[in-house]
Amino acid sequence: MSKIVCKLFGVPKITKDGQSVFLPYAKINALLYYILVSKVVSRDEVVGLLWPDEDEKIAKKNLRNAIYQAKKSLGEDIIISPKKSFLILNEDLDIESDVDQFSKSPRENIQLYTGDFLQGFFLKDAESYEYWIVKMRNYYKEKFAAECYQKIEEDIQNKHYDDVEDQIQRLTDLDEYDERNFRLLMRFYQDTGRNSKVIETYYDLSKLLRRELGIDPDKKTKEIYEHSLEQINFDGGKRTHDDVFFYGRYNELATLEKTFKDFREKKVGKSILITGEPGVGKSTIKRRLMEEATDNMMVLEVNCIQTEQDMPLRPWRAIAREISRQIQQEKLLPPTLWRDLMTRVFPDFNDHLPNSQFMSSKDPVPFVSIVHVMVEALTQLADHSQVVLVFEDLQWMDPDSLRLLTSVLMETDPLRVMLVATRGKERSRALDDALTTLSRYHRLVSVPLERFNIEACHHFIEEAVPGEHLTGDTLEHIYNATEGNPLFLGEYINRLKNHQNLDEMSPAMIEALKSRLLYLSAGELELVNLLSFFYDAVPLQTILALTDRDENQVLSLLEQLKDRNILEEHESEGAGAFSFTHGKLREYVYQSQPASRKKVLHQKIGQLLEQSLDEKKRDTKLYSKLIYHFSASGDFLKALKYQIDTLNYYLNFSHEMFPVLNNVAVEEGANLYMSRDQIGELFRNLESSFKKVRAGSRNTTELDLLELEFFYIRGRYLIRDGSYDDGVNDIIHVIDKSKQLGNRDYMLEGYKQMILYYLQINSAKDMAEYVGLALDLAVRCNYHKEIGIILRLKGLCHYMMGNYTQAEKLLTESINTLAVTETIAKRYATNIAAAYNYIGEIRLAHGTYREALELFQKAISLCVGKNALASLSYFYINAGKTAYYLEDLSMAREFFDKAYALYGQFDSFWRRSVLDSYMALTLLRQGEYGQAVKYLTTARENVGYIKDPNDLGVVFFAEAVFRQRCDLDPEGKTAVGDRLPDSVETYSRQALEQLNIYCNQYEVKLLTHSLLTK
């Protein structure tokens, strides 16, 4: 019997034996849904629901047709009519309905409720039917909500937490404004010890209710939240900063609110300090906190201003006035000598100008008297209501005011008088002393506000601009520009919303940056201007070399700029280096410099940095700085030189098969490989730079040499990448141009690249011609090491032509030439390794596989740790092939896996198809047919890039082996499918046409003596 499944929750769907059933029109669906739920209905009832406006005869005819169409579509009499006036669901059929199952046992089948009843189903011109849908939809929704709520309650009570969070989310999806769901979630988090999530959920709910309904969470919800506040140990433990937003710093707000709540309830008395750089949200958080101040609290608030930093007790003037007003308002008795002392300290205390007595007074008011009378005044006010002293920008408070503040807080009852203050990252000794004193006596809770991390930054942007489809590059650009500073982030979001240029600073950003630089001394401004020319940290020695000031002066100025939080110090190579605390600060200062000064200073910096170049240590970071400074100074020829040096440094490793190591120390952790796209862009940029330099200056020998080097690098890259026509054209140009200039070095390099070109296309005869030219030139120039390299290439040429004895003799001579001293041997390690590798290949041709493997392993040992990954990958492939010939398949896979790991680090296809082919053959021998076919397919795809006939022959060889195996093994035949349509003989002959018979003895013998014979 067929099984009919009817899904009515969510988007309705009917299936028969797993296949979807589609009914011809909506009213047939409507009829079937109605009967599935009601089981028994009268014909008149259905006609009235579905065809209310039709004539009775027509309506009943429509009903009969609908029943017929339902039967036709399902192939079963799903609706029967034993009595003419009634329609019944045929219970003799195997019908399963989610609505039935849920109605009978809602708790056990709660997972069947996947959405609204008949979600998205609509029937036009049938108002009564629509009313029925709405009624049933609400009924099932309420039933689900009640059951789900009860189940979650029981699960939380019984500590069965597996799917609680998912179930609560389902309830929230039904009604996002129902606080009961949020309370369940908060209780769940509370019971599982995640109190910070309770706080986060509470703030999310508060934000939602205030924004949409203009109300606050109710009392029950707040009680759960406050209980979590009590549970969190804010003084210990490490705070997390996940999901932190400008308007939702949950942990920080919770710390502040708990501290403030403890003070309000007179449990624990501690003052609050909110710290962070400008724009990080200190004032916003403080304002949010002060919203919690009750009517029976007295808030005395004042801003500390930078220009008043040298005016003693200036911030206390406003506090003293407000205290006097409150004393009068509450009709309290002022402290003894209050008015006299305050008038002497603050001459305009009584709202009039100071009189002549103040000007002639020589005796200052004793500090202890000021402390005494201020403490007495605040204590009197605190007897009436708790006092909160609020100071914004505490870093600008003068030393006397800080001393007074510390004394007042230490001498008043902490349960009745507290401080709430914000502080920037600027430093002063007086402020550090004051805060240290308060902290030592446990009178202070400090809450640092940090910049957003990259994840929080991206999340915040996406929350703030939900309609924008932002790319990863845009998000990264904004993060790099703002460095996670919320003020800057907000400005960038406004620019995003208004579709403005993200590379320009808004007026608000400029004002914020300008305010950071107010009141700098001439010396400080000089250093700030100087450091803005560098995009990263500047070593102290570089700063000293660019200024006329002595070291002590410079160190003093740098320390002052650090105290102002304009600069920060780093350690660089064991010495101090300085940079701006924010990139936008550097950008603003730099943009403020005149263009003429920029050119002169960039040239001066570039020339200074050139002096630190070390021939024995290539430093690409230094190259990038030189390019930046010389480009900015207009010295494009110098910039071009270092652009080419940088490119050559990278491509020497990734596109010279056996690079000379040049005694050059490789940067620790350096990634010496570039993608094809990066390289293409660099070549295009260099071409553009050459045009610019040619247009702006007369031709010079230096420019000719740079252009020669450029064509050489590009030609070498194109040949290695398989773009032979363009690559060979570039190299021929290098050879011709170097002959014109008399430059033998580049002439020799050009010959060597032509040798490698003919090696790649397996043309030994043409290769021999250029080997002869190169060797003659190296001998004439007495280039001893180059002779060693060319002897290796000559040996390789003989090996390709089957002259094994002569080949090995030349390869051994090459090794001896390049290993004449330990220093030279290290420099030419990859070339020596290559010679051992080719001797190993000769051993393969002779069938002495164990000896070959030893030689390949020796080649590998010479290259490990040298960053010559292309060389190493080649040796691993040969070692893996040898292990395969020895039938040690696990060893073969180990070598092949190492080769694949290296290919993942550089962008080249050289020998890749050989690797893919032999990995496929290894997997085939191990019975892993599916994986083997994937590698064989990849081999076929990769062989087209380099166009090496030998590599193509290896791919055909692998396909022949596969074809033969598939003909004998049904499982292999299934895995291959129609990928190998030709016969074993066809693939074998194609392989033999391409393979070099001297370099591929194993493949050739197997093809001729085994596969073709069979």
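Residues numbered from 1 in each chain as written. Predicted model: local features only at pLDDT ≥ 70, side-chain atom pairs only at ≥ 80, totals over all residues. Heavy atoms only, no water.

Peer 1: What is the right way to look at the sheet that holds strand β12 (residues 444-448) in this model?
Peer 2: What holds strands together in a sheet is hydrogen bonding between their backbones, with the strands either parallel or antiparallel. What the five strands build is an open sheet, ordered β9-β10-β11-β8-β12; its pairing is parallel. Edge positions in the sheet fall to β9 (297-303) and β12, since each of these pairs with one other strand and no more. Averaged over all pairs of adjacent strands, the angle between strand axes in this sheet comes to 15 degrees, irrespective of strand direction. In this structure, strand β8 (residues 271-275) lies alongside β12, joined through five bridges in parallel fashion. Paired with S271 across the strands is L444, a residue of β12. Docked against the sheet, helix α10 (residues 250-264) engages β8, β9, β10 (386-392), β11 (417-423) and β12, running at close to 160 degrees with respect to β12. Sitting on the sheet, helix α12 (residues 314-329) touches β9 and β10, and the angle it makes with β9 is about 150 degrees. (Pairing = 2+ DSSP bridges. Helix = DSSP H or I, 4+ residues; strand = E, 2+ residues; numbered from the N terminus. Axes fitted to C-alpha atoms, helices over the stretch in contact; angles between N-to-C directions. Contact = heavy atoms within 4.5 Å.)

Peer 1: What's the story with the nonpolar core in this structure? I'm lost.
Peer 2: Soluble globular proteins tend to pack their nonpolar side chains together in the buried interior. Grouped together as the largest cluster of nonpolar side chains are 128 residues, with contacts concentrated most on M767, Y918 and F962. Sequence-distant contacts of Y918, defined by excluding residues within four places in its chain, comprise K881, Y884, Y885, F896, V954, F957, Y1002 and E1003. Core analysis: the second largest hydrophobic core is formed by 86 residues, V47, V99, V280 and M290 among them. (Core = buried A, V, L, I, M, F, W, Y, C linked by side-chain atoms within 4.5 Å. Buried < 20%, exposed > 50% of the residue type's maximum accessible area, 1.4 Å probe, protein only.)

Peer 1: Honestly, empty space enclosed by the protein in this entry has me stumped. Any pointers?
Peer 2: If you walk through the whole model with that rule in mind, you get six cavities of 30 Å³ or more. By volume, the largest cavity is sized at about 350 Å³. Forming the walls of the largest cavity are 28 residues, and the residues nearest its centre are Y799, E841, R911, N950 and C999. Breaking the lining of the largest cavity down by element, the ones donating at least two residues are α34 (784-800), α37 (829-846), α39 (869-885), α43 (949-968) and α46 (1001-1011). Ranked by residues supplied to the lining of the largest cavity, first place goes to α39 with five residues. (1 Å grid on protein atoms, 1.4 Å probe; cavity = no way out; pocket = protein on both sides within 12 Å on 5 of 7 lines; lining within 4 Å. Points joined across faces, edges and corners; volume = space filled by probe spheres on them.)

Peer 1: Would you mind going over the UniProt feature "repeat: TPR" (unreviewed entry) in the chain with me for this structure?
Peer 2: Using the residue numbers shown here, the UniProt feature "repeat: TPR" (unreviewed entry) corresponds to residues 833-866. In this annotation, residues 833-866 is assigned 85% helix and 0% strand; the end-to-end C-alpha distance for the span is 12 Å. (UniProt positions renumbered as here; feature names shortened; annotations may be inferred.)

Peer 1: Explanation requested: the side chain of N942 in the structure shown.
Peer 2: Along the polypeptide, N942 turns up in helix α42 (residues 929-946). Of the residues examined, N942 reaches a relative accessible area of 8% and is grouped as buried. In contact with N942, other than residues within four places in its own chain, are F909, R912, S913 and D916.

Peer 1: Before we go on, may I ask you to explain helix α40 (residues 889-903) in this structure?
Peer 2: Relative to the 21 Å expected for 15 residues at 1.5 Å per residue, α40 spans 21 Å between its end C-alpha atoms, a close match to the ideal helical length. Next to the buried residues of α40 lie α38 (849-863), α39, α41 (912-925) and α42. (Expected span 1.5 Å × (residues − 1).)

Peer 1: Looking at this structure, how should I read a negative patch on the surface?
Peer 2: Taken together, D53, E54, D55 and D125 make up a surface patch of like negative charges. Considering the arrangement of structural elements, one finds D55 in the loop between α2 (43-50) and α3 (56-74). On the basis of relative accessible area, D55 is assigned to the partly exposed category, the value being 46%. (Patch = residues over 30% accessible without salt bridge, like charges linked within 9 Å, V, L, I, M, F, W, Y side chains within 5 Å. Areas by Shrake-Rupley, 256 points an atom, 1.4 Å probe, with all protein chains shown as cover. Salt bridge = Lys/Arg side-chain N within 4 Å of Asp/Glu carboxyl O. Lys, Arg positive; Asp, Glu negative; His and termini not counted. Charge placed at Lys NZ, Arg CZ, Asp CG, Glu CD.)

Peer 1: Explain the pairing of strand β2 (residues 13-16) here, please?
Peer 2: Each regular strand carries side chains that alternate between the two faces of the sheet. For strand β1 (residues 3-7) and β2, the ladder comprises four bridges, and the chain directions are antiparallel. In the sheet register, K7 faces β2, and the bridge partner there is K13. The hairpin turn running from β1 into β2, its antiparallel successor, is five residues long, and G10 in that turn takes a positive phi close to 80 degrees. In this structure, β2 lies alongside strand β3 (residues 19-20), joined through two bridges in antiparallel fashion. The partner of K16 across the bridge, within β3, is Q19.

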